[in-house]
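Listed below, chain by chain, are the residues.
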Amino acid sequence: MSLDVLISTIYKEGIERVASMELPVVDGVRYVVSWQMPGNAVVPSALRRSDISVFPHETKGLSVNRNYALSKSTADICLVADDDLRYTPQMLRRVIAAFERNPDVDIALFKIESGDGKRYADHEYDLSSPPRFFYVTEVEMAFRREAVAGKIAFSPRLGLGSGEILAGEGEMFYFSAMKKGLKGRFFPEVIAIHAGETTGVRKNQPKGVVKAKGVVIYMKYRRSWLPRIIINALREHKHGRCRVDKALLYLWQGVAFARRNFNADGTDRC
């Protein structure tokens, strides 16, 4: 099976970060680099390889960027990536092997090594019934291209560069995939290294990130979103990410945003 690693980046600084990733050469693996707003920058020499395709374009928003990368993919499997990750040949082969072993799986989540202390289960499980405290980081995600292309997309209303809501695009993508009946599975195997923290666990979070949590809570828990909002606000305060009163306000605004902008299956309303 073939694998496309879909790397989203932006500006001259972004393409330089991609060059610093030292992308390994692996049989059957291609790197699709979706490069927003390149300006007058040129593709670094380190990326001028037959297994790396760089697509510059003048768009805005991380979700738009991820969708553009997907539109340029031709492989059997797609792995979502950012410009600050590290891969080894063994990690990428694990992704391919997981799909080869499980022909019924459309979408898979894996582990990443990072500085945010995210806890993972030590066993496989079906994504239709995830464990407690489960949440999605999009760079843990891979999927069969034919199962997703033209059916599921990252919402341009969510994520960095979207405007009001600065996160949540990976969660909504996964949520929509499950609602549309795709078969998903978690595999307790490390497939990438991320040196820093992910957006959702950083201190003093901007309101657009807290609002995103309100969006996700409302979409995933239609019958119990209100007590979950209260609990989440207390948790944000406890961990120093947002003062409790502000967290309640922002989470509620996220709920209102979800009601206005998304259908029950996670797709965008017109």
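Here the structure is shown first, and the text comes after it.
Note that the structure is predicted; figures quoted are calculated from it, not measured.

(A) Just a positive patch on the surface, in detail. Residues R132, R228, R235 and K238 make up a contiguous surface patch of positive charge. Here K238 lies in helix α7 (residues 225-238). Judged by its relative accessible area of 69%, K238 is exposed.

(B) Representation of the nonpolar core. With 35 residues, the main nonpolar core has L3, V5, I7, L79, Y87, L92 and V95 as its most contacted residues. Elements that contribute at least two residues to this core include exactly β1 (3-10), α1 (11-20), β2 (29-36), β3 (52-57), β4 (77-81), α3 (89-101), β6 (107-113) and β9 (184-194). Examining the composition of this core, we find that five residues originate from one element, α3, more than from any other. Contacts of L92, omitting those with residues within four sequence positions, involve L3, V5, P24, V26, V29, Y31, L79 and Y87. Of all hydrophobic cores here, the second largest spans 25 residues; its members include I107, V136, F143 and F186.

(C) Seen up close, unusual backbone geometry. Of note, the phi angle at Y11 is positive, near 70°, even though the residue is not glycine. Counting through the fold element by element, Y11 comes out in helix α1. Judged by its relative accessible area of 40%, Y11 falls in the partly exposed class. The backbone phi angle of M37 is positive, close to 45°, even though this residue is not glycine. Mapping M37 onto the fold places it in the loop between β2 and β3. Among the residues examined, M37 registers a relative accessible area of 24% and is labelled partly exposed.

(D) Geometry of α3. In this model α3 runs 18 Å from its N-terminal to its C-terminal C-alpha over 13 residues, within 8% of the 18 Å that 1.5 Å per residue would give. For α3, the complete set of buried residues consists of M91, L92, V95, I96, A98 and F99. Buried residues in α3, looked at end-on, bunch into an arc of 155°, giving them a common side.

(E) Main features of the packing of helix α5 (residues 169-179) against helix α6 (residues 207-220). Following both chains from N to C, one finds α5 and α6 inclined at 15°, their axes separated by 10 Å at the closest point. The angle between α5 and α6 places the two elements in the roughly parallel class. Here α5 and α6 pass one another in a crossing that is left-handed. Each of E171, M172 and F175 in α5 lies in contact with α6, whose residues at this interface are V215, V216, M219 and K220. Taken together, the residues of the contact of α5 with α6 break down into five nonpolar, no polar and two charged.

(F) Quick peek at a nonpolar patch on the surface. A cluster of nonpolar side chains, contributed by L226, I230, L234 and L248, occupies part of the molecular surface with about 350 Å² of accessible area. For the nonpolar patch, the element with the highest residue contribution is α7, accounting for three residues.

(G) Examining the environment of E146 more closely. Within the fold, E146 resides in helix α4 (residues 145-148). The class for E146 is exposed, based on a relative accessible area of 65%.

(H) The pairing of β6, seen in detail. Extensive coverage of β6 is indicated by the burial of five of its seven residues. Of the pairings in the sheet, the one linking β6 to strand β8 (residues 141-144) comprises three bridges and is antiparallel in character. Note that in β8 the partner of A108 across the bridge is A142. Sheet analysis places β6 next to β9, joined by six bridges and oriented parallel. Considered in β9, the bridge of L109 is made with F186.

(I) Spatial organisation of the packing of aromatic side chains. Evaluated as defined, the whole model comprises 10 aromatic pairs. For the ring pair Y125 and F134, a centre distance of 6.3 Å and an interplane angle of 80° mean the geometry is edge-to-face. The same class applies to Y125 and to F134, which are both buried. Each ring, one from Y125 and one from F186, has its centre 4.8 Å from the other, and the planes form 20°; the classification is stacked. Taken as a pair, Y125 in strand β7 (residues 125-126) and F186 in strand β9 lie far apart in primary sequence, 61 residues in all. Assigned by exposure class, Y125 and F186 land together as buried. Put simply, the rings of Y120, Y125, F134, Y174 and F186 pair up and form one aromatic cluster.

Criteria and thresholds
- Residues numbered from 1 in each chain as written.
- Predicted model: local features only at pLDDT ≥ 70, side-chain atom pairs only at ≥ 80, totals over all residues.
- Heavy atoms only, no water.
- Patch = residues over 30% accessible without salt bridge, like charges linked within 9 Å, V, L, I, M, F, W, Y side chains within 5 Å.
- Areas by Shrake-Rupley, 256 points an atom, 1.4 Å probe, with all protein chains shown as cover.
- Salt bridge = Lys/Arg side-chain N within 4 Å of Asp/Glu carboxyl O.
- Lys, Arg positive; Asp, Glu negative; His and termini not counted.
- Charge placed at Lys NZ, Arg CZ, Asp CG, Glu CD.
- Helix = DSSP H or I, 4+ residues; strand = E, 2+ residues; numbered from the N terminus.
- Buried < 20%, exposed > 50% of the residue type's maximum accessible area, 1.4 Å probe, protein only.
- Core = buried A, V, L, I, M, F, W, Y, C linked by side-chain atoms within 4.5 Å.
- Contact = heavy atoms within 4.5 Å.
- Expected span 1.5 Å × (residues − 1).
- Arc of directions from axis to C-beta.
- Axes fitted to C-alpha atoms, helices over the stretch in contact; angles between N-to-C directions.
- Parallel < 35°, antiparallel > 145°, perpendicular 65-115°, else oblique.
- Left-handed = near helix turned anticlockwise from the far one by under 90°.
- Nonpolar A, V, L, I, M, F, W, Y, C, P; charged D, E, K, R; others polar.
- Pairing = 2+ DSSP bridges.
- Phe/Tyr/Trp six-rings, centres within 6.5 Å; stacked < 30°, edge-to-face > 60°.

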